[in-house]
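Fold and geometry: a report
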Amino acid sequence: MDRREVAVQWVLLVSILVAVFLPIVFSAFILSGKQWRSAQERARARRLAECRLNGRLLRLNI
């Protein structure tokens, strides 16, 4: 493996990491505390609704 292949692999790795972590960091700085909290509460409510639905489906044995 020559230096060029190693460099390409590093560039790919760094670009994947940037693509994954940059939106997380960016959204944390853009959303204010109230917006962030309301987004977290909406996500929690959505998860609870999904759990309730799954419980109903399990009871109905579907």
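Our subject is the structure listed above.
In this report, we go over the structure that sits alongside the text. Along each chain, residues carry numbers from 1 onward, in the same order as the chain's sequence is written. Local features are withheld for residues below a pLDDT of 70 in this predicted model, meaning they are given only at 70 or higher, and side-chain atom pairs are given and counted only at 80 or more; totals for whole chains, interfaces and linings count all residues. The side-chain values count all of the structure's non-hydrogen atoms but skip hydrogen atoms and water molecules.

1. Comments concerning the overall build of the protein
Under the scheme used here, helices are H or I runs from DSSP no shorter than 4 residues and strands are E runs no shorter than 2 residues, and both carry numbers assigned from the N terminus. Check the secondary structure of the protein and you find two helices and zero strands. In terms of overall dimensions, the protein is more spread out than a globule: its C-alpha atoms have a radius of gyration of 21 Å, far above the 11 Å expected for 62 residues. In the protein, which comprises 62 residues, the proportion classed as buried is 2%. Surface accessibility of the protein: about 6,100 Å² in total, with carbon and sulfur atoms responsible for 66%. When charges are counted, Lys and Arg are positive and Asp and Glu negative, with His and the chain ends excluded. Think of each charge as sitting on NZ of Lys, CZ of Arg, CG of Asp or CD of Glu. Taken together, the 11 basic and 4 acidic charged side chains of the protein have centroids lying 18 Å from each other. Atoms counted for the radius of gyration: C-alpha only. Globule rule: 2.2 Å times residue count to the power 0.38. Working definition: with a 1.4 Å probe on protein chains only, accessible area under 20% of the residue-type maximum means buried, over 50% means exposed, and in between means partly exposed. Reported accessibility uses the Shrake-Rupley method at a 1.4 Å probe radius. Residues are deemed covered only where the shown protein chains occlude them.

2. Describing a positive patch on the surface
Positive charge collects at one region of the surface, where Arg42, Arg44, Arg46 and Arg47 lie side by side. With respect to the helices and strands, arginine 47 occurs in helix α2 (residues 33–60). To count toward a patch, a residue needs a relative accessible area above 30% and no salt bridge. Like charges then connect within 9 Å, nonpolar side chains (Val, Leu, Ile, Met, Phe, Trp, Tyr) within 5 Å. Here a salt bridge means any side-chain nitrogen of Lys or Arg lying within 4 Å of a carboxyl oxygen belonging to Asp or Glu.

3. Digging into helix α1 (residues 3–30)
Owing to its 3.6 residues per turn, the α-helix brings residues three or four apart onto one side. Helix span, as expected, comes to 1.5 Å for every residue beyond the first. Compared with an ideal rise of 1.5 Å per residue, which puts 28 residues at 40 Å, α1 spans 39 Å between its outermost C-alpha atoms and is within 8% of the ideal. Note on bend: at a given residue it equals the angle between the axes fitted to the 7 residues ending there and to the 7 starting there. Of all the bends found along α1, the most pronounced is centred on phenylalanine 21 and spans about 30°, while proline 23, a proline, follows it within four residues.

4. Quick notes on α2
Over its 28 residues, α2 runs 41 Å from end to end, which matches the ideal 40 Å to within 8%, given 1.5 Å per residue. Remark: asparagine 61 follows α2 within two positions and exhibits a positive phi of approximately 60°.

5. Quick word on the environment of valine 11
Tracing the chain through its elements places valine 11 in helix α1. Take valine 11: its relative accessible area is 55%, and that puts it in the exposed class. Residues valine 11 and alanine 39 lie 28 residues apart in sequence; the distance between their C-alpha atoms is 33 Å.

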